[in-house]
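The primary structure of each chain is shown beneath.
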Amino acid sequence: MLPRVADSLSFLYLDMVRVVQDDTGVCAQIQTDDHHTDLVYLPTAALSCLLLGPGVSITTPALTTLARHGTSVVCVGAGGVRAYAGILPDSLTTHWLEQQVATWADPARRLDVAVRMYRMRFKDADLPGSVTLDQLRGMEGQRMKALYKILAQQHGIGRFRRNYRPDQWDTQDPVNLALSAANTCLYGIVHAALLALGLSPALGYVHAGTQHAFVYDIADLYKADTTLPLAFALHNSDNPEQEARRRFREDLRLLRLLPRIVQNVQTLLTPPHTITADDTDEEHSERHDVRMVHLWDPKAGVLPAGVNYAKGDG
């Protein structure tokens, strides 16, 4: 039995290795200086996200095993370019996906989710009774500028400007490099959690126009507590990308981020007045012994599958 996503390991980063499947499991082949090959076996059944960095090759059998275990695969290029491989088990319930589509498709409910995201990020938020999405974005931008200024003053680095430019990767300052590397890890973890819940990473409430809009929405909830302080702490680092990944992974052991993501996403997608114990039960949302597929009818609603609905003898 596979572990719940909330209990899984966060992520594993690999570079300059070959990932293969052998008789024992999925392993990374590492070429040593004396021309020998070391094998490091990967805990695929308990791994949420696998980051494949530069110089990694992977075989189809290894990818098949990762897919079977529901592990999200993130290909990370040297320039910080990322691509996601979405893996959805066939037995996964559509309960949370239906909740997501219902709230996303209704403009009023979509705005309500965006407002609750804002309140979740900024606990002291004092919002007017009626607020638009543009106003929310403006207030979020002002708060992030203020946070950048505070962190820059704390670390004595002067004025800071967030800059993500893959075409000029090597010319960026250590804080931007560390922040981009740490955010990539955070996006991978969020992406893995959303897939484990059966959600669509593309249907965002604040972000839009990308296949990872909802990933960015949820990741924004945690940046102020995770990747931002870490990045500014590495402003003097000689290798900010590597240190950001390593220290971020160490911090996750204390933060227990995956359970927070699962709980927060379920809370956001459930109207406040209808939240029940079942809606926040991780076992219910992640279990694999779900009911069989059903049929939908615009008049009758949900109908059982496996029934011949033909009328007459025709």
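Description of the structure in this document. (Residues numbered from 1 in each chain as written. Predicted model: local features only at pLDDT ≥ 70, side-chain atom pairs only at ≥ 80, totals over all residues. Heavy atoms only, no water.)

### Overview of the sheet that holds strand S2 (residues 18–21)
The strand order across the open sheet formed by four strands is S4-S3-S2-S6, and the pairing between neighbours is mixed. In the strand order of this sheet, the two ends are held by strand S4 (37–41) and strand S6 (57–58), each with one partner. Looking at chain direction, S2 and S6 are connected through two bridges and run parallel. Bridging across to S6, Arg 18 finds its partner in Ser 57. (Pairing = 2+ DSSP bridges. Helix = DSSP H or I, 4+ residues; strand = E, 2+ residues; numbered from the N terminus.)

### Considering the packing of aromatic side chains
With the rule as written, the count across this model stands at five aromatic pairs. Here the aromatic residues Tyr 148, Phe 160 and Phe 232 are joined through ring pairs into a cluster of three or more. (Phe/Tyr/Trp six-rings, centres within 6.5 Å; stacked < 30°, edge-to-face > 60°.)

### Focus on the pattern of salt bridges
According to the stated counting rule, one finds seven salt bridges in the structure shown. Close ionic contact of Asp 124 with Arg 143 constitutes a salt bridge, the shortest N to O distance being 3.2 Å. Here Asp 124 is found in the loop between helix H3 (107–121) and helix H4 (133–155), whereas its partner Arg 143 is found in helix H4, with 19 residues between them in sequence. Owing to a relative accessible area of 59%, Asp 124 belongs among the exposed residues under this scheme. Note that Asp 134 and Arg 137 form a salt bridge whose closest N and O atoms lie 3.3 Å from each other. Of this pair, Asp 134 and Arg 137 both sit in helix H4, three residues apart, which is roughly one turn of that helix. In the salt-bridge network here, residues are joined through shared partners; they are Glu 243, Arg 246 and Glu 250. (Salt bridge = Lys/Arg side-chain N within 4 Å of Asp/Glu carboxyl O. Buried < 20%, exposed > 50% of the residue type's maximum accessible area, 1.4 Å probe, protein only.)

### What about the nonpolar core?
Phe 214, Ile 218, Ile 261 and Val 265 are the most contacted members of the largest nonpolar core, which has 51 residues in total. Elements supplying a minimum of two residues to this core: strand S5 (47–52), H3, H4, helix H5 (174–196), helix H6 (213–219), helix H7 (227–233), helix H8 (240–255) and helix H9 (257–269). In terms of residue count, H5 provides more of this core than any other element does, 13 residues in total. Apart from the residues within four sequence positions on either side, Val 265 is in contact with Leu 194, Leu 197, Leu 199, Phe 214 and Ile 218. Leu 14, Val 26, Leu 52 and Ala 62 belong to the second largest nonpolar core, which has 12 residues in total. (Core = buried A, V, L, I, M, F, W, Y, C linked by side-chain atoms within 4.5 Å. Contact = heavy atoms within 4.5 Å.)

### Side note on the side chain of Lys 223
Secondary-structure assignment places Lys 223 in the loop between H6 and H7. We classify Lys 223 as buried; its relative accessible area is 14%. Polar side-chain contacts of Lys 223 include one of 2.7 Å to the side chain of Tyr 187. For Lys 223, the residues in contact, after removing those within four places along its chain, are Asn 183, Leu 186, Tyr 187, Leu 228 and Pro 229. (Polar contact = N/O pair within 3.5 Å; in protein donor to acceptor, adjacent residues only side chain to side chain.)

### Considerations on the packing of H5 against H9
The description of two packed helices rests on the angle between their axes and on the distance between the axes. Running from N to C, H5 and H9 point in directions that differ by 55°, and their axes come no closer than 10 Å. As summarised for this structure, H5 and H9 are arranged oblique, according to the angle between their axes. By crossing handedness, the relation of H5 to H9 is classed as right-handed. Residues Leu 186, Ile 189, Val 190, Ala 193 and Leu 194 of H5 form the contact with H9, whose own contacting residues are Leu 257, Leu 258, Ile 261 and Val 265. Per-class residue counts for the contact of H5 with H9 are nine nonpolar, no polar and no charged. (Axes fitted to C-alpha atoms, helices over the stretch in contact; angles between N-to-C directions. Parallel < 35°, antiparallel > 145°, perpendicular 65-115°, else oblique. Left-handed = near helix turned anticlockwise from the far one by under 90°. Nonpolar A, V, L, I, M, F, W, Y, C, P; charged D, E, K, R; others polar.)

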